[in-house]
Amino acid sequence: MGVALTRSAQWTAAGHGAKTLEVTPLNEAIVKEIIMFVESFIYKYPQEANYVFVEPLEWKTNLDPSAFGSGYAVSGTTVKSEEVDKNGEPLLYLSVPQIKIRSFGQLSRMLYIAKNMKLKEAQACIEANRNPVAKILGLEYNIINEKNGNSFVSSILDKITKDNDSENEIKMKIALQLKQLDLHLLNHSLKHISLEIRLNPGAVKNDIELLKQFSGKGEQTVLESIEYTSDYEFSNGCRAPPWRQIKGEICYVLVKPHDAETLCVTCSKEGVFLNGGKTDDEGQINYERKGEIYKDLVTLLKEKSAIFSENMSKQEIKFSEQPQKDQPNEAPKEEVAITHKTSITSRKSTQEKNRINLGRSQLTKRLEPSLNWRTSVSSKESRNTLRDTQVEKHGGKLEKSRSSLSSGRAQLIRKSVEKIEEIISDSSSESEEDEEQPDHRQEANADLPSEYWQIQKLVKYLKGGNQTATVIALCSMKDFNLAQETCQLAIRDVGGLEVLINLLETDEVKCKIGSLKILKEISHNPQIRRNIVDLGGLPVMVNILDSPHKSLKCLAAETIANVAKFRRARRVVRRHGGITKLVALLDCGKHSAEPAQSSLYETRDVEVARCGALALWSCSKSYANKEAIRKAGGIPLLARLLKTSHENMLIPVVGTLQECASEENYRAAIKAERIIENLVKNLNSENEQLQEHCAMAIYQCAEDEETRDLVRLHGGLKPLASLLNNTDNKERLAAVTGAIWKCSISKENVTKFREYKAIETLVGLLTDQPEEVLVNVVGALGECCQEHENRVIIRKCGGIQPLVNLLVGINQALLVNVTKAVGACAIEPESMMIIDRLDGVRLLWSLLKNPHPDVKASAAWALCPCIQNAKDAGEMVRSFVGGLELVVNLLKSDNKEVLASVCAVITNIAKDQENLAVITDHGVVPLLSKLANTNNDKLRRHLAETISRCCMWGRNRVAFGEHKAVAPLVRYLKSNDTNVHRATAQALYQLSEDADNCITMHENGAVKLLLDMVGSPDEELQEAAAGCISNIRRLALAIEKARYS
């Protein structure tokens, strides 16, 4: 952490010499990574989280004392944590505005309390503690200097060996974790810096000159004026003074928008930002940055001026069209024609067209400022342009106009079309690679490797050569390292992609194979994928799937599999009939036109089917494609392929099934095709990737009870339990634990897992695992905890403490599962004592403040057994400051599950008379009465139980009648749920102690409904119904007696 903050973070000197972090994207990324590390520390390393720092981390905070809740003693402007060190000193001490923190646990909780302010608090902490490692561990552990960094581990190990001190061992672990964080931050910074788009003097000058052309006093101009602060230009193109050029600054510009004051802007290699402006006295520039960094001048001005943004959008088409207007004698679209049927095309014609292409590209570079000027054009223009590229294809001739300008315009058209398609896009279940990646292009003056220029020469041969030259050029190009990004982008930058796609439309099989082999390799690059889609390459590949040549089918399917990694590409494949053709490849053996020896024949069939499954796997990430695969008859074919012994075939087949199993229709079809048996069989494979996908498919399907039974009957539980012991592959571990979680919903499966000792293994996975694994592990334990034997196992294995430690996390799914598990464990009195000792009830209560309804509801359900089984539960509940008021206020929620769970909690709280009096004062009666008009049986049951319990204090019975709660309760008796009947009869019995309530019940027909329930086999229901009728009857007799007397 020390090295990263010293070398990677960007610091600036403030007025009095105190350095602060600059407001830059890199700094923000570093601070966010540190926040993620600290937030996860408390549940990843619970023992180390309790370690007390050598010196406290101290800084000025903006947190208000009122933000601190349970676990802290708040007094005016000071806050002390209840958690203290061995000397009795609090681990968190706040005396506004200074805060001192002495453990990672308190740091993590402080960030949770800070919520939206956590970024500011973390930045303030880093700025005030420039050497945090020394304060946390002491000077001997300081790893800021590189000299100490290489030898600190060995010296600490020597110290541990000599001292044999547990505290030094914890220090060692923390030091290693901080060292790993340091390396992670350095790597993250390098990646961040490598992705930044750096400006150069030429691009900045072109932008400014173009803005000058559209500036002036008119209404249609984008600016009033724009001018440099200095007229002198250095030989390198910069206008900034030499001592500022060292910092990467290029020039300074005064910009006067129509609707804002004059802006003084600094243009630097890192971007464009506002500076302090010119001083009034000497006219010198205040170079200090006064805002965030923008990628270019246009982006900054759009942010600062509404009129600029509006007028700019009107001028953008002119910017993109200007290069064409300046070339009146230019050749039309058809620039390059390659004919492979004959070699009639003369060398002279080819040379002339190459000269035109070169001249155009040079002219384009001179006229176009940068790619940042390219923005959206109208949808009509974009659609017409795309249509032109489709129409200009004629059989064997490959006549598509391409140049460096058209390559840029393709990006422009793509962005416009995507905006239109996003509005009408199909729903998609995935988020992988759906964001548009930045388009990295080689700078003209960049140092390019020799491969770049060699590939450029080969592309020229592809464009102008005959059939033989084309094949040789393709073979030569294939010999390059096409996995290297430089080679991939070289092919694109010199127009090679267009030629390769054109070759796919020729009649020459060799040319097609060579082109597809290259496209298959370079399509691993996200930018190349998008370029292939922009150039209309996918429809051509889909057509090749009908070819009688199996090699072509395989290559086309594999390339589609690589390209269809983002939503727009998958949509193109489906709309051009690609899904149906890919499904047909799974059964291609029957339709082959290539007679051959049986072994070779069979091998080719398997390879074709494998490639088809691979492409379907990529396409199956969207809902519409899943439906298309099902309708095309893909499931029976996938089921048949699942019986093969070829592992390279099984992986894409199971991967496709795993993706599709998220849909209910697929799960039913998977059962019908008896696929579960084969999934279970492949769990015993030696291939880890295949095991992972099989486990994930079971996880998706095991929502259904019948599927869970099938997994057990086919012997799938034992291999799942055995795979828990292999924890190196975290992706596979997450899939296996997920499958175990879903299978554990069935009690019979839980019994089997207990036999296989899986519960003990799951308890061991509660620490030092990623969140994806923890969610599933805790979910499985939550299901297992429903049985007494398993609760005892978890307690004896020491599982209660790690479960309670996870209650301080922030992952919503993890919190839902861990609260369920802790609540189930609390049923056991021995486990409840451990939970109470670990402050677990307070942590559960604090989760009632969580913003997610599911977490609130799960925490409330978990509190019910805690209150039921705690010693002196009434006093425990009252000890939580503001706890009762919090629970009562949750009755204002709109979520039915939250309301039902809170009613259950109040039922248990109200068993203590003193607590019942407190919640009555907090207005529980009117809030419960408002909920009476509900049709949800689960809420009805717990609401009726709560009302029954609350009637036992003061005049609450009368109050329920006054708030119109009695009549709706009578309607509950018409429910089909016996539990609702019992709870309602008990509530009505308590309410019937008031005469007015008896009258309301009689008027709403309660007597007849209760009479039917007197004969119920449920004794509690019988007794409550009879008691209520008795009270109503007594009132009626009293009225009759009073009338006659």
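Conventions used here
- Residues numbered from 1 in each chain as written.
- Predicted model: local features only at pLDDT ≥ 70, side-chain atom pairs only at ≥ 80, totals over all residues.
- Heavy atoms only, no water.
- Helix = DSSP H or I, 4+ residues; strand = E, 2+ residues; numbered from the N terminus.
- Buried < 20%, exposed > 50% of the residue type's maximum accessible area, 1.4 Å probe, protein only.
- Contact = heavy atoms within 4.5 Å.
- Areas by Shrake-Rupley, 256 points an atom, 1.4 Å probe, with all protein chains shown as cover.
- Pairing = 2+ DSSP bridges.
- Axes fitted to C-alpha atoms, helices over the stretch in contact; angles between N-to-C directions.
- Salt bridge = Lys/Arg side-chain N within 4 Å of Asp/Glu carboxyl O.
- Phe/Tyr/Trp six-rings, centres within 6.5 Å; stacked < 30°, edge-to-face > 60°.
- Parallel < 35°, antiparallel > 145°, perpendicular 65-115°, else oblique.
- Left-handed = near helix turned anticlockwise from the far one by under 90°.
- Nonpolar A, V, L, I, M, F, W, Y, C, P; charged D, E, K, R; others polar.
- pLDDT = per-residue confidence, 0-100.
- Arc of directions from axis to C-beta.
- Polar contact = N/O pair within 3.5 Å; in protein donor to acceptor, adjacent residues only side chain to side chain.

Undergrad: Would you take a moment to explain the overall build of the protein for this structure?
TA: Secondary structure summary: the protein contains 57 helices and 15 strands in total. Counting every position in the protein, which comprises 1045 residues, the buried fraction comes to 53%. By sequence separation, contacts in the protein at least 24 residues apart represent 70% of the contacts at least 6 residues apart. With the model as given, the accessible surface of the protein reaches about 48100 Å², and the carbon-plus-sulfur share is 49%.

Undergrad: What's the story with the sheet that holds strand E3 (residues 57-60) in this structure? I'm lost.
TA: Remark on secondary structure: sheet strands pair via backbone hydrogen bonds, oriented parallel or antiparallel. Taken in spatial order, the five strands of this open sheet run E3-E7-E6-E5-E4, and their pairing is antiparallel. What marks the edges here is a single partner per strand, and that holds for E3 and strand E4 (72-75). Within the sheet, the average angular offset between the axes of one strand and its neighbour, ignoring direction, is 10 degrees. One ladder, built from four bridges, connects strand E6 (residues 92-95) with strand E7 (residues 98-101); its direction is antiparallel. Considered in E7, the bridge of Tyr 93 is made with Lys 100.

Undergrad: I keep staring at the pattern of salt bridges and nothing clicks. Help me out?
TA: Close approach of charged atoms allows side chains of opposite charge to pair. Scanning the entire structure with this criterion turns up 35 salt bridges. Lys 520 serves as the salt-bridge partner of Glu 558, at 3.8 Å between the closest nitrogen and oxygen. Residue Glu 558 is located in helix H24 (residues 550-563), and its partner Lys 520 is located in helix H21 (residues 509-522); the two are separated by 38 residues in the primary sequence. According to the relative accessible area criterion, Glu 558 is buried, its value standing at 15%. Close ionic contact of Asp 709 with Arg 712 constitutes a salt bridge, the shortest N to O distance being 3.1 Å. Linking Asp 709 with Arg 712, this pair stays in helix H34 (residues 705-713), spanning three residues, or about one helical turn. The exposure class of Arg 712 is partly exposed, given its relative accessible area of 22%. Three or more residues are tied together by salt bridges with common partners; here these are Lys 520, Glu 558, Glu 607 and Arg 610.

Undergrad: Quick question: what am I supposed to make of the sheet that holds strand E10 (residues 263-268) here?
TA: Read across the open sheet, the four strands follow the order E8-E9-E10-E11; overall the sheet is antiparallel. Lying at the two open borders of the sheet, with one neighbouring strand each, are strand E8 (225-228) and strand E11 (271-274). Along the sheet, successive strands turn relative to each other by an average axial angle of 25 degrees, direction set aside. Both strand E9 (residues 249-256) and E10 contribute to a ladder of six bridges, which runs antiparallel. Along E10, the bridge assignment pairs Val 255 with Leu 263. Across the sheet, helix H10 (residues 201-213) touches E8, E9 and E10, and the angle it forms with E8 is around 145 degrees. Sheet strands in contact with helix H12 (residues 297-304) are E8, E9, E10 and E11, and its direction is about 35 degrees off that of E11.

Undergrad: How should helix H4 (residues 104-114) be read in this particular structure?
TA: For the α-helix, the turn length of 3.6 residues means that residues three or four positions removed from each other point alike. With nine of 11 residues buried, H4 lies mostly within the body of the structure. Positive phi appears at Lys 115, one or two residues downstream of H4, with a value of about 55 degrees.

Undergrad: Explanation requested: the packing of aromatic side chains in the structure shown.
TA: In this description, a pair of aromatic rings is defined by centroid distance and the angle of the planes. By the definition in use, this model includes 10 aromatic pairs. Pairing Phe 41 with Phe 104 gives two aromatic rings, centres 4.2 Å apart and planes at 20 degrees, and the pair type is stacked. With a gap of 63 residues between them, Phe 41 in helix H2 (residues 25-44) and Phe 104 in helix H4 connect regions that are remote in the sequence. Exposure class is identical for Phe 41 and Phe 104. Each is buried. Relative to Phe 880, the ring of Trp 845 has its centre 5.1 Å away and its plane inclined at 40 degrees; by these criteria the two rings are tilted. Of the two residues, Trp 845 sits in helix H44 (residues 840-846) while Phe 880 sits in the loop between helix H46 (873-878) and helix H47 (883-889), which places them 35 residues apart along the sequence. Judged by its relative accessible area of 3%, Trp 845 falls in the buried class. Exposure remark for Phe 880: the relative accessible area of 12% places this residue in the buried category.

Undergrad: Could you clarify how one ought to interpret unusual backbone geometry in this entry?
TA: Residues other than glycine predominantly adopt negative phi, and peptide bonds predominantly adopt the trans conformation. That bond from Val 96 to Pro 97 is cis: its omega, 5 degrees, falls within 30 degrees of zero. When you line up the elements, Pro 97 lands in the loop between E6 and E7. One non-glycine residue, Arg 674, lies in positive phi territory at about 60 degrees. Within the secondary structure, Arg 674 is located in the loop between helix H31 (664-672) and helix H32 (675-682). Arg 674 gets classed as exposed once you look at its relative accessible area, which sits at 65%.

Undergrad: Even after reading the chapter, I still don't get the packing of helix H17 (residues 450-464) against helix H20 (residues 496-503), so can you show me in this structure?
TA: The geometry of a pair of packed helices is captured by two quantities: the angle between their axes and the separation between those axes. In the contact formed by H17 and H20, the axes pass within 10 Å of each other and the chain directions differ by 40 degrees. The angle between H17 and H20 places the two elements in the oblique class. Along this stretch, H17 crosses H20, giving a crossing that reads as left-handed. For the pair H17 and H20, the contacting residues are Val 459, Leu 462 and Lys 463 in the first and Gly 496, Val 499, Leu 500 and Leu 503 in the second.

Undergrad: Would you explain the packing of helix H45 (residues 853-869) against helix H48 (residues 896-909) in this entry?
TA: Here H45 crosses H48 at 20 degrees, and the two axes come no closer than 8 Å. Taken together, the axis directions place H45 and H48 in an arrangement best described as roughly parallel. Every pair of crossing elements has a handedness; the one defined by H45 and H48 is left-handed. Counting all contacts with H45, which are made through Pro 853, Lys 856, Ala 857, Ala 860, Trp 861, Leu 863, Cys 864, Ile 867 and Gln 868, the residues of H48 involved are Glu 897, Val 898, Ala 900, Ser 901, Val 902, Ala 904, Val 905, Asn 908 and Ile 909. Within the contact of H45 with H48, the residues separate by chemical class into 13 nonpolar, three polar and two charged.

Undergrad: Is there a simple way to think about the environment of Val 966 in this case?
TA: Relative to the helices and strands, Val 966 resides in helix H53 (residues 966-971). Residue Val 966 is classed as buried on the basis of its relative accessible area, which comes to 2%. For the pair Val 966 and Ala 987, spaced 21 residues apart in sequence, the C-alpha separation works out to 9.2 Å.

Undergrad: What am I meant to see in the confidence of the model for the protein here?
TA: Low pLDDT means the predicted atomic positions in that stretch should not be read closely. Mean pLDDT over the protein: 80, with 80% of residues reaching 70 or higher. Below pLDDT 50 for its whole length, residues 143-154 participates in 16 contacts with residues either more than four positions away or in separate chains. In this model, residues 442-446 is a region of pLDDT below 50 whose contacts with residues beyond four sequence positions or in other chains number six contacts.

Undergrad: Explanation requested: the environment of Asp 207 in the structure shown.
TA: Inspection of the secondary structure assignment puts Asp 207 in helix H10. Linking Asp 207 and Asp 296, residues 89 residues apart in sequence, is a C-alpha distance of 8.8 Å.

Undergrad: Even after reading the chapter, I still don't get the side chain of Thr 984, so can you show me in this structure?
TA: Relative to the helices and strands, Thr 984 is located in helix H54 (residues 978-991). Setting aside its immediate chain neighbours within four residues, Thr 984 contacts Ala 944, Leu 969, Tyr 972 and Leu 973.

Undergrad: For this particular structure, what's the right way to read the pairing of E4?
TA: Where E4 meets strand E5 (residues 78-81), four bridges bridge the pair, whose relative direction is antiparallel. If you follow Ala 73 over to E5, its bridge partner there is Lys 80. Hairpin connection between E4 and E5: a loop of two residues separates the two successive antiparallel strands, and Gly 76 in this loop has a positive phi of roughly 65 degrees.

Undergrad: Which parts of the structure should I look at to understand helix H37 (residues 747-755)?
TA: Taken together, the buried positions of H37 are occupied by Asn 749, Val 750 and Phe 753. Along the long axis of H37, the arc covered by the buried residues comes to 105 degrees, so they all point the same way. After H37 finishes, the residue Lys 757 shows a positive phi value of roughly 60 degrees.

Undergrad: Would you explain the pairing of E8 in this entry?
TA: The side chains of a regular strand alternate, first on one face of the sheet and then on the other. By the alternation rule, side chains of E8 split into Ile 226 and Tyr 228, which are all buried, and Ser 225 and Glu 227, of which none is buried. Examined bridge by bridge, E8 and E9 share four bridges and lie antiparallel to one another. Residue pairing for E9: Ser 225 is matched across the bridge by Lys 256.

Undergrad: So what exactly am I meant to see when it comes to the side chain of Arg 289 here?
TA: With respect to the helices, strands and loops of the structure, Arg 289 is situated in the loop between strand E13 (285-286) and H12. Here Arg 289 falls in the buried class, since its relative accessible area comes to 18%. Here Gly 291 takes part through its backbone oxygen, which lies 2.5 Å from a polar atom of the side chain of Arg 289. Among all residues touching Arg 289, those that are not within four sequence positions of it are Glu 22, Val 23, Thr 24, Phe 273 and Leu 274.

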